[in-house]
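The chain contents come next:
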Amino acid sequence: MKKRVTLTFPRRTVHIPITYRLAKEFNVAANIIRAQVAPNQVGKLVVELLGDIDELEAAIDWMRSQDVGVSFASREIVIDENICVDCGLCTGVCPTEALNLHPQTFQLQFMRSRCVVCEQCIPTCPVQAISTTF
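Quick summary incoming for the structure in this document. (Residues numbered from 1 in each chain as written. Predicted model: local features only at pLDDT ≥ 70, side-chain atom pairs only at ≥ 80, totals over all residues. Heavy atoms only, no water.)

Under the 1.5 Å per step criterion, the end-to-end length of helix α2 (residues 53-65) is 18 Å for 13 residues, consistent within 8% with the ideal 18 Å. Where α2 is concerned, the buried positions are L56, A59, I60, W62 and M63. Angular distribution of buried residues about the axis of α2 spans 160°; they occupy a single face of the element. Residues of α2 that are buried sit in contact with β1 (2-9), α1 (18-26), β3 (43-50) and β4 (69-72). The N-cap residue of α2 is D52: its side-chain oxygen and the backbone nitrogen of D54 are 3.2 Å apart. (Helix = DSSP H or I, 4+ residues; strand = E, 2+ residues; numbered from the N terminus. Expected span 1.5 Å × (residues − 1). Buried < 20%, exposed > 50% of the residue type's maximum accessible area, 1.4 Å probe, protein only. Arc of directions from axis to C-beta. Contact = heavy atoms within 4.5 Å. Polar contact = N/O pair within 3.5 Å; in protein donor to acceptor, adjacent residues only side chain to side chain.)

Residues I83, V85 and V127 make up a contiguous nonpolar surface patch of roughly 220 Å² in combined accessible area. Structurally, V85 can be placed in the loop between β5 (76-79) and α3 (89-93). (Patch = residues over 30% accessible without salt bridge, like charges linked within 9 Å, V, L, I, M, F, W, Y side chains within 5 Å. Areas by Shrake-Rupley, 256 points an atom, 1.4 Å probe, with all protein chains shown as cover. Salt bridge = Lys/Arg side-chain N within 4 Å of Asp/Glu carboxyl O.)

For D86, which is not glycine, the phi torsion reads 55° and is therefore positive. As for its position among the elements, D86 is in the loop between β5 and α3. We note that E97 has phi near 60°; this positive angle belongs to a residue other than glycine.

Residues L7, I18, L22, V28, L49 and M63 are the most contacted members of the largest nonpolar core, which totals 17 residues. Mapped onto this core, the elements with two or more residues apiece are β1, α1, β3 and α2. For this core, the leading source of residues is α2, giving 5 residues. The next biggest cluster of nonpolar side chains, apart from the first, holds 14 residues, and it includes I79, C115, C121 and A129. (Core = buried A, V, L, I, M, F, W, Y, C linked by side-chain atoms within 4.5 Å.)

Any link to function would need more than the numbers given here.
Written out as structure tokens, the structure reads:
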């Protein structure tokens, strides 16, 4: 089973290698989609967790016990086709290739099933045709 989550680390330094412990102790793979971590600041990781449902739940409970905030991604990327100019800039930053240009028509294609809502495409769009919903 896959779960897309945002991990929020407290300002104090976390000395535990979270992704290593997820793999070693819970048999859960963590694919880091986006990271924003700096000393003395709140850190955030957007990760896709992959593993057995019971192992995922145990891993999430463990992370919460370590004061790591865990929130589930409930947002989706929305593309306003009336604004989009099919420039393709967003395709270059999409880590999962959910955004691509059709080879014949050069129109933007969005494969929602591949999207992990990392939001890297949003600031890249020059006409602000991409946003998220809650």
